[in-house]
Amino acid sequence: MPVNLKGRSFLTLMDFTPAEIDYLLNLAADLKEKKRAGIRGCALAGKNVALLFEKASTRTRCAFTVACIDEGAHPEFLGRNDIHLGGKEDVKDTARVLGRMFDGIEFRGFKQSMVEELAEWAGVPVWNGLTDADHPTQVLADFLTLRENFGHLKGLNLTYVGDGRNNMSNALMIGCAKMGVNYTVGSPRELFPASDLLEKCKKVAQVSGAKITVTDDPKAAVRGADAVYTDVWVSMGEEDKKEERYKLLTPWQVNAGLMEAANNNGVIFLHCLPAVKGAEVTEEVFESPYSKVFDEAENRMHTIKAVMVATIGA
């Protein structure tokens, strides 16, 4: 059955079937190949896209901007001091105004409820560029990177080590459960994933054949991993917890010893960036031949382009 995502918002991978996720990855690979060949697209010609940012960004902002321009759209950046989102003006009012003027809206901020409310009222597709709970565009880039390195997703073993209840771990767990990727979260017990999301993902994984494991043993977490993934120890908005997090997570640093514990000569290292080298990952691992972080960063642009083309493109 053909996949048609026209008019759909992209808030979490939980809303998408494996076939729809696979479609986005195939489209991203095709768009990447065309860009590399110097072929400019026009799928978004005449479209206007609002880029709403509560949180600072490098990859998300640049990826959306370049992806829009590559396909003929006009991106309009709206920072937290540019509009009255959720402050002087209700979220639903801002959503209805922007929906009358733009063909699609990207939101990067704090609350998942805010991106959901935007999508409820805008009348045009809304895309989640990151919230405290989820980061679905990043996972698409991660999956494209995995496919480029291994040729497939289903049956791969992906281990995330660090803060197991942050948005990146949540998003990866959802995506892996959907796509049949075995997912292990390695973290201190204090930072295990939320039990309700964990149970929900385990039910989804029963359909795809994926296994989801949570452990507080660093070396057991990475054993047999095809990819080891980490993120910063202190998320945006949680700076006051830096001392506590560093104390908890220092044993979870991704260093050469931890990578060797995977016991897999083909293992790769992934990170959503930015990285605090010397904290969650050593310089040695970050700059190693098996580090694919900059392929992953580039793939943000191609997968984000695929999401926009699929949902508002001609």
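Below is a summary of the structure that appears in this document. What you see is a predicted model, and the numbers here were worked out from it, not measured in a lab.

The rules behind these values
- Residues numbered from 1 in each chain as written.
- Predicted model: local features only at pLDDT ≥ 70, side-chain atom pairs only at ≥ 80, totals over all residues.
- Heavy atoms only, no water.
- Buried < 20%, exposed > 50% of the residue type's maximum accessible area, 1.4 Å probe, protein only.
- Helix = DSSP H or I, 4+ residues; strand = E, 2+ residues; numbered from the N terminus.
- Pairing = 2+ DSSP bridges.
- Right-handed = clockwise from strand over helix to strand, strands pointing away.
- Axes fitted to C-alpha atoms, helices over the stretch in contact; angles between N-to-C directions.
- Parallel < 35°, antiparallel > 145°, perpendicular 65-115°, else oblique.
- Left-handed = near helix turned anticlockwise from the far one by under 90°.
- Contact = heavy atoms within 4.5 Å.
- Nonpolar A, V, L, I, M, F, W, Y, C, P; charged D, E, K, R; others polar.
- Salt bridge = Lys/Arg side-chain N within 4 Å of Asp/Glu carboxyl O.

## Thoughts on the pairing of strand S1 (residues 48–53)
Where burial is concerned, most of S1 is hidden: 5 out of the 6 residues are buried. In the sheet, S1 pairs with strand S2 (residues 74–79) via 6 bridges, with the strands oriented parallel. Bridge pairing in S2 links Leu52 to Leu78. For the segment spanning S1, helix H2 (residues 59–70) and S2, crossover handedness is right-handed. Relative to strand S3 (residues 104–108), S1 runs parallel, the two being bridged by 5 bridges. Residue pairing for S3: Leu51 is matched across the bridge by Glu106.

## A look at the packing of helix H3 (residues 91–101) against helix H4 (residues 112–122)
The contact between H3 and H4 brings their axes to 8 Å, and the two run at 50°. In terms of orientation, H3 lies oblique with respect to H4. Two packed elements cross with a definite hand, and for H3 against H4 that hand is right-handed. Within the contact between the two elements, H3 uses Val91, Lys92, Ala95, Arg96 and Gly99 and H4 uses Met114, Glu117, Leu118, Trp121 and Ala122. Residue classes in the contact of H3 with H4 are distributed as 6 nonpolar, 1 polar and 3 charged.

## Looking at the packing of helix H5 (residues 136–150) against helix H12 (residues 293–312)
Following both chains from N to C, one finds H5 and H12 inclined at 115°, their axes separated by 8 Å at the closest point. When you trace H5 past H12, the crossing you get is right-handed. Where H5 abuts H12, its residues Thr137, Gln138, Leu140, Ala141, Asp142, Leu144, Thr145 and Glu148 lie against Asp295, Glu296, Asn299, Arg300, His302, Thr303, Ile304 and Val307. Grouping the constituent residues of the contact of H5 with H12 by class yields 5 nonpolar, 6 polar and 5 charged.

## Observations regarding the side chain of Thr145
For Thr145, the position within the fold is in helix H5. Taking relative accessible area as the criterion, Thr145 reaches 0% and is therefore assigned buried.

## Some words on the sheet that holds S3
Each strand in a sheet pairs with another by means of backbone hydrogen bonds, the pair being arranged parallel or else antiparallel. Across the sheet, 4 strands lie side by side as S2-S1-S3-S4; this open sheet has parallel pairing. Two strands bound the open sheet, and with one partner strand each, they are S2 and strand S4 (126–130). In this sheet, adjacent strand axes meet at a mean angle of 20° when their direction is disregarded. Running at roughly 175° to S1, H2 makes contact with S1, S2, S3 and S4 of the sheet.

## A few points about the sheet that holds strand S5 (residues 157–161)
Taken together, 5 strands build an open sheet; the order of strands is S7-S6-S5-S8-S9 and the sheet is parallel. Two strands close off the open sheet at either side, each with one partner strand: strand S7 (212–215) and strand S9 (268–271). Geometrically, the sheet is characterised by an average inter-axis angle of 20° between neighbouring strands, direction not taken into account. Sheet analysis places strand S6 (residues 182–186) next to S7, joined by 4 bridges and oriented parallel. By the bridge assignment, Val185 is partnered in S7 with Val214. The strands touched by H5 within the sheet are strand S8 (227–230) and S9, with S9 carrying the most contacts at an inclination of about 165°.

## Observations regarding unusual backbone geometry
Glycine aside, negative phi is the norm for most residues, and most peptide bonds take the trans geometry. Of note, the bond from Leu273 into Pro274 is cis; its omega dihedral lies within 30 degrees of zero at 0°. Take Pro274: it is sitting in the loop between S9 and helix H11 (283–286). Of note, Asn263 is a non-glycine position whose phi angle comes to about 55°, a positive value. If you check the backbone angles, Leu273 has positive phi at about 65° while not being a glycine. By secondary structure assignment, the location of Leu273 is in the loop between S9 and H11. By relative accessible area, Leu273 is classed as buried at 12%.

## Some points on the pattern of salt bridges
Counted under the stated rule, the structure contains 14 salt bridges. Here Asp70 ties to Lys35 by a salt bridge, and the two come within 2.8 Å at their closest N and O atoms. One end of the pair, Asp70, is in helix H2; the other, Lys35, is in helix H1 (residues 18–36), with 35 residues separating them in the sequence. By relative accessible area, Asp70 is classed as buried at 10%. Lys35 sits in the partly exposed class, given a relative accessible area of 32%. A salt bridge links Asp132 to Lys55; the shortest N-O distance between them is 2.6 Å. Taken together, the positions of Asp132 in the loop between S4 and H5 and Lys55 in the loop between S1 and H2 put the pair 77 residues apart, joining distant regions of the chain. According to the relative accessible area criterion, Asp132 is partly exposed, its value standing at 40%. Overlapping salt bridges bring together Asp163, Arg165, Glu238 and Arg245 as one network.

By themselves, these observations are geometric and do not establish any function.
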